[in-house]
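Report on the structure
Residues per chain are reported as follows:
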Amino acid sequence: MQLTGTYTFDTNVDAVWALLMDTSAIAGCVPGCRELRAIGDDRYRAEVSVPIAAVTGQFEATIALEDKHPPNGYTLVVDATGRPGFVRGRSVVTLSPGDTGTMVRVDATADVGGAAARVGQRLLEGAARMMMDRFFECLRTRLTSARS
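Reference entry: report on the structure contained in this document. (Residues numbered from 1 in each chain as written. Predicted model: local features only at pLDDT ≥ 70, side-chain atom pairs only at ≥ 80, totals over all residues. Heavy atoms only, no water.)

1. Some remarks on the packing of aromatic side chains
Cut-off, in case you're wondering: The aromatic pairing rule takes the rings of Phe, Tyr and Trp, using the six-membered ring of Trp, and pairs them if the centres are within 6.5 Å, calling planes under 30 degrees apart stacked, those over 60 edge-to-face and the rest tilted. Each helix corresponds to a stretch of at least 4 residues labelled H or I by DSSP, and each strand to a stretch of at least 2 residues labelled E; elements are numbered beginning at the N terminus. The classification of residues rests on relative accessible area computed with a 1.4 Å probe and restricted to protein chains. Under 20% of the type maximum is buried, over 50% is exposed, and intermediate values are partly exposed. Placement of a charge over a ring requires the Lys NZ or Arg CZ to be within 6 Å of the ring centre, with the centre-to-atom vector within 35 degrees of the ring normal.
Under the counting rule described, the total for this entry stands at four aromatic pairs. Seen from their ring centres, Tyr7 and Phe136 are 4.3 Å apart, and the 15° between their planes marks the pair as stacked. Within this pair, whereas Tyr7 is found in strand S1 (residues 2–9), its partner Phe136 is found in helix H3 (residues 121–147), the two being separated by 129 residues in sequence. As far as burial versus exposure is concerned, Tyr7 and Phe136 are alike and both buried. Ring geometry for Phe9 versus Phe136: centroids 6.4 Å apart, planes at 70°, classification edge-to-face. Note that Phe9 is positioned in strand S1 and Phe136 in helix H3, a separation of 127 residues in sequence. Accessibility classification places Phe9 together with Phe136 in one group, the buried group. Among the aromatic residues, those joined into a cluster by ring pairs are Tyr7, Phe9, Phe135 and Phe136. Above the ring of Phe86, the side-chain terminus of Arg88 is found at 4.3 Å from the ring centroid.

See below:
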């Protein structure tokens, strides 16, 4: 599965980078995140509950930040397993200055297996897009609230 998205933040690149590196903000904005804790440098363990159509379940995930180029981008690598199956994904996150603030582009690929994969490609992509959109909207709200 492939997924791309572009999100605009009404602030500078450094502020958006700092937000994307803030684990408490990340944990509070990932839909269904029950826990996010550091297990090493730029490595985290997460518990996430994800509903995908008729399949809902808990996933244990290992998350790594790789190829960091502050404040321009990084690669996010996720390896998650749970009763509904598995997800192995890689996202290239790029930050760039734009006319109205900072543009964040996400280019993601994922392999999904088990019961989660049986719900169909369109439903998976829709659920993934919804989670990504909610995540970035939450981050945008946090950034706006912090500046107020």
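2. Here's the deal with the packing of helix H1 (residues 13–20) against H3
Test applied: Geometry is summarised by axes, namely lines fitted to C-alpha atoms with helices restricted to the contacting stretch, and by angles between N-to-C directions that run from 0 to 180 degrees. Whether a crossing is left-handed or right-handed is set by the direction in which the near helix is turned from the far one by less than a right angle, anticlockwise for left-handed and clockwise for right-handed. Contacts are residue-level and defined by heavy atoms, with any inter-residue pair within 4.5 Å sufficient. Three categories are distinguished: nonpolar for Ala, Val, Leu, Ile, Met, Phe, Trp, Tyr, Cys and Pro, charged for Asp, Glu, Lys and Arg, and polar for the others, with Gly belonging to the last.
Where H1 meets H3, the axes come as close as 11 Å, and the angle between the chain directions of the two elements is 115°. H3 is crossed by H1, and the crossing has right-handed handedness. Contact with H1, carried on its side by Val16, Leu19 and Leu20, involves Phe136, Leu139 and Leu143 of H3 and no other residues of that element. Residue composition of the contact of H1 with H3, by class: six nonpolar, no polar and no charged.

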